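A closer look at the structure
The primary structure of each chain is shown beneath.
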Amino acid sequence: MATLEIRDLHVSVDAEGGPREILRGVDLTVKQGETHAIMGPNGSGKSTLAYSLAGHPKYTVTSGSVLLDGENVLEMTVDERARAGVFLAMQYPVEVPGVSVSNFLRTAATAVRGEAPKLRTWVKEVKEAMAALQMDPAFAERNVNEGFSGGEKKRHEILQLELLKPKIAILDETDSGLDVDALRIVSEGINRVRSTGEVGTLLVTHYTRILRYIQPDYVHVFAGGRIVESGGAELADKLENEGYEAYVKGGASE
Amino acid sequence: MADVQNTSGATTAGSIEVGTTGAGAQLAGPGTGRATVQQPIDARVAVKPSFDVNDFPVPHGREEDWRFTPMHRLGGLHDGTAASTAARGGEGTDKVELALPDGVTAETVGRDDARLGKAGTPVDRVAAQAFSAFEQALVVTVPAETVLTEPVKIDVHAEGGVRFAHVVIDVKPFAEAVVVLNHTGTGTRAANVELLVGDGAKLTFVSVQDWERDAVHVAQQSALVGRDASLKSVIVTFGGDLVRIHPRVRYAGPGGEAELYGLYFADAGQHLEHRLIIDHDTPHCRSNVVYKGALQGQDAHAVWVGDVLIRAAAEGTDTYEHNRNLVLTDGARVDSIPNLEIETGEIVGAGHASATGRFDDEQLFYLQARGIPADEARRLVVRGFFAELVQQIGVAEIQDHLMEKIEAELEANVG
């Protein structure tokens, strides 16, 4: 069973006047089949956690460890992490002009699966996954994220999640900027992947809204660059009612 | 991105210079580039054209038109030494192969043939040298109202030495043709290419510079676009040590349309220069320019100068030019200069844009985060950068061939 273990993770970014520490000792274990919601106020470092796990060059890990089934993730390049089974659905997916969605998806699937998917089954697979996310087939011929609406970008991220079948899915604010219909469609996609029981999900979100569609096993409150409280789904209800104020004022954050 | 939009009744001279040297510059353009005071375009257009090399002084490299060109690498094309080498037995040979669809004729003619010089007269010393020194010109004629289904192919394989050439493509009224001029091999070459696009005719002209690494090639390509005619020019430069292509467009009547596309890939040490002039002297004509280049390696140098002049008589003109460069490694240099000079306010539109950037780290991260290895991700980005332009050519066979060439460049160079 795949397990992601984050131990005492410290991460800095280069800022004016030298490195600034954003993550200050994150401890978290995510197992296949589990869903963890990471919730926190703006600037708490939850997106930094997501990007650090994927290996974004902007972030420097200063100490701590991240292991995926005992393998040291921090020593892997960005693409090696993805091939090892770490997937990051981004809050702001990037435009890649001149590269069609279909070409991109096939190139990614080939890389992650270690061999080119058979054309006939692949076309069917993509078609079905797109239909399930209510994406127009013409979408496949558009350039990656170019001119996509906010909702289209997020559906495209979840489409990749469905096709690449990672062990660990990190969903960074996937709910942000979505209207109710799009949120439902995207959440259903995430639930389809979760229902296989083969993915550990790390759901990073500011709002409790998405948790009405996706039931987490664990909720963690993130503040000041670390997890300050953990609990079950009921913790989300508390946050819904009381907000993050207690954590921010409590001195856990700066 | 820079847009120079004209205001009614105003005369505007727009000039932007973008210099990118080595590392650091993420994006260059107006605001980050330098605005320079330059010789106005019309002064350059007004340089007295001549067929006689002696009418031009030997350029020394400080002139506006030559300031980016490494003169010592011109193989003496500019100062008479190449011509005297050729005259003393150093003349090279070209293996020329023609593929002529039915109805198309090709003739070799002397310099006194009346069809020569109709599209344009040499405007600099190298072009005049080529005209003064060539022995026989090639004239390819597509008869009136002939619509070709196959491209005309002119394959020039240079076999060393110095050689001067003259080619005339004469597309008669209401004919439609695709003409591909393909350069391979090596040598020192200067040429004039004339494109006569008759009234209502359509010409797609593709010039591929697929030279060996040490070739020197300077060419003036002059087009005269007839009434309601359209020209699509596609200039593709991969090879050579120094390549300098100078496309020029004039209009013979209203309603003319010119699309100028260019694509270049400069490797270490290569100097690839494209400078074009569109002289809007006729009302209700249109021009659209898109040139894209990638550079990599130490002292890879690309120069793009796009001059557009809208004369007082050219009411109803619609023009846009766009140059984009992708700098793949440190040590490469781009000079990108769009110029727009407008002498009438009664136009449809006029604008230009220039952008030079490095690989977008966020694009690479996104692709890598999907398991795609870094080298493959870079190739995907460059391929996409060029594919956008290649898709505009509209001739499947040529598009496929160009994407194969790009693929080969990527395999060899982008890792």
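Residues numbered from 1 in each chain as written. Chains lettered and ligands numbered in written order. Predicted model: local features only at pLDDT ≥ 70, side-chain atom pairs only at ≥ 80, totals over all residues. Heavy atoms only, no water.

Before going further, it helps to examine the environment of Glu107(B). Residues and elements named next belong to chain B. With respect to the secondary-structure elements, glutamate 107 resides in strand β5 (residues 105–109). Classification of glutamate 107 by relative accessible area gives partly exposed; the value is 29%. Separated by 37 residues in the primary sequence, glutamate 107 and proline 70 place their C-alpha atoms 36 Å from one another. One polar contact links glutamate 107 to arginine 115, side chain to side chain, over a distance of 3.0 Å. (Helix = DSSP H or I, 4+ residues; strand = E, 2+ residues; numbered from the N terminus. Buried < 20%, exposed > 50% of the residue type's maximum accessible area, 1.4 Å probe, protein only. Polar contact = N/O pair within 3.5 Å; in protein donor to acceptor, adjacent residues only side chain to side chain.)

The next subject is the pattern of salt bridges. Evaluation of the coordinates by the stated rule reveals 35 salt bridges over all chains. Across the pair Arg83(A) and Asp79(A) runs a salt bridge, and its minimum N-O distance is 3.0 Å. Of this pair, Arg83(A) and Asp79(A) both sit in helix α2 (residues 78–84), four residues apart, which is roughly one turn of that helix. A residue is classified by how much of its surface remains accessible, and Arg83(A), at 34% relative accessible area, is partly exposed. A salt bridge links Arg286(B) to Glu257(B), with the shortest nitrogen-to-oxygen separation between them at 3.4 Å. You can see Arg286(B) sitting in strand β15 (residues 286–295) and its partner Glu257(B) sitting in strand β13 (residues 257–266), a full 29 residues away along the chain. (Salt bridge = Lys/Arg side-chain N within 4 Å of Asp/Glu carboxyl O.)

Residue and element names in this part refer to chain A. We note that asparagine 145 has phi near 65°; this positive angle belongs to a residue other than glycine. Among the secondary structure elements, asparagine 145 is positioned in the loop between β8 (143–144) and α5 (150–164). In this model, glutamate 173 sits at a positive phi of 50°, which is unusual for a non-glycine residue. Classification of glutamate 173 by relative accessible area gives buried; the value is 8%.

This part takes up the pairing of strand β10 (residues 216–225) of chain B. All names here are of chain B. The buried fraction of β10 amounts to ten of the ten residues, a majority that puts the element mostly inside the structure. Sheet topology note: the strand β8 (residues 176–197)/β10 ladder contains ten bridges and is parallel. From the neighbouring strand, threonine 188 faces β10, where its bridge partner is valine 216. Summarising the sheet, β10 and strand β12 (residues 242–251) pair through ten bridges and their orientation is parallel. Across the sheet, residue glutamine 220 finds its bridge partner in β12, namely histidine 246. (Pairing = 2+ DSSP bridges.)

Moving on, we get to helix α2 (residues 81–90) of chain B. Residues and elements named next belong to chain B. The set of residues buried in α2 consists of Ala82, Ala83 and Ala86. Angular distribution of buried residues about the axis of α2 spans 105°; they occupy a single face of the element. When the buried face of α2 is taken as reference, the exposed residues oriented beyond 90 degrees from it are Ala87, Arg88 and Gly89. As for α2, its buried residues are in contact with α3 (125–133) and β7 (152–171). (Arc of directions from axis to C-beta. Contact = heavy atoms within 4.5 Å.)

Taken together, the contacts link 19 residues of chain B with 34 residues of chain A. Summed over both sides, the interface between chain B and chain A buries roughly 2,000 Å², with carbon and sulfur atoms accounting for 67% of that surface. The three residues of chain B that bury the most area against chain A are Phe365(B), Tyr366(B) and Arg370(B), which together make up 40% of that side's buried surface. Taken together, chain B and chain A are joined by one salt bridge. In this structure, Arg370(B) engages Glu157(A) in a salt bridge whose closest nitrogen and oxygen atoms are separated by 2.7 Å. In this assembly, chain B and chain A are joined by ten residue pairs in polar contact (both at pLDDT 80 or more). Counting residues per element, the ones that place at least two in the side of chain B that touches chain A are α4 (361–368) and α5 (374–390) of chain B. For the side of chain B that touches chain A, the leading source of residues is α5(B), giving eight residues. A class-by-class count of the residues in the side of chain B that touches chain A yields eleven nonpolar, four polar and four charged. (Buried area = accessible area lost by both parts, 1.4 Å probe. Nonpolar A, V, L, I, M, F, W, Y, C, P; charged D, E, K, R; others polar.)

All right, on to the confidence of the model for chain B then. The predicted coordinates ought not to be read in detail in places where the model reports low pLDDT. Residue and element names in this part refer to chain B. Of all residues in chain B, 89% have pLDDT values of 70 or greater, and the mean over the chain is 89. Under a pLDDT of 50 for its full length, residues 1–37 has, in the predicted model, 92 contacts with residues more than four places off or in other chains. Interface confidence for the predicted complex, given as ipTM, is 0.95, next to a pTM of 0.80. (pLDDT = per-residue confidence, 0-100.)

Core analysis: the largest hydrophobic core is formed by 116 residues, its most contacted members being Ile6(A), Leu49(A), Phe265(B) and Val382(B). If sequence neighbours within four positions are ignored, Val382(B) has contacts with Phe265(B), Ala294(B), Leu326(B), Leu328(B), Phe359(B) and Leu410(B). (Core = buried A, V, L, I, M, F, W, Y, C linked by side-chain atoms within 4.5 Å.)

Along the chain, Arg81(A) falls in helix α2. When near neighbours in sequence (up to four residues on either side) are disregarded, Arg81(A) contacts Ser52(A), Leu53(A), Ala54(A), Gly55(A), Val73(A), Leu74(A), Met76(A) and Val86(A).

A few words on the packing of aromatic side chains. Residue and element names in this part refer to chain B. In the structure shown here, the tally under the stated rule is eight aromatic pairs over all chains. Ring plane angle 45° and centroid distance 4.4 Å describe the contact between phenylalanine 51 and phenylalanine 131, whose orientation is recorded as tilted. With phenylalanine 51 in the loop between α1 (41–45) and α2 and phenylalanine 131 in helix α3, the pair connects residues that are 80 residues apart, well separated along the chain. You can call phenylalanine 131 buried: its relative accessible area is 8%. Plain terms: the ring middles of phenylalanine 131 and phenylalanine 134 are 5.3 Å apart, the flat faces sit at 75° to each other, and that makes the pair edge-to-face. When sorted by exposure, phenylalanine 131 lands in the same class as phenylalanine 134, which is buried. Ring-pair connections join several aromatic residues into one group, and the members of that group are Phe51, Phe131 and Phe134. Over the ring of phenylalanine 131 we find arginine 111; its NZ or CZ atom is 5.7 Å from the centre of that ring. Of note, lysine 292 hangs over the ring of phenylalanine 385, and the distance from its end group to the ring centre comes to 4.6 Å. (Phe/Tyr/Trp six-rings, centres within 6.5 Å; stacked < 30°, edge-to-face > 60°. Lys NZ or Arg CZ within 6 Å of the ring centre and 35° of its normal.)

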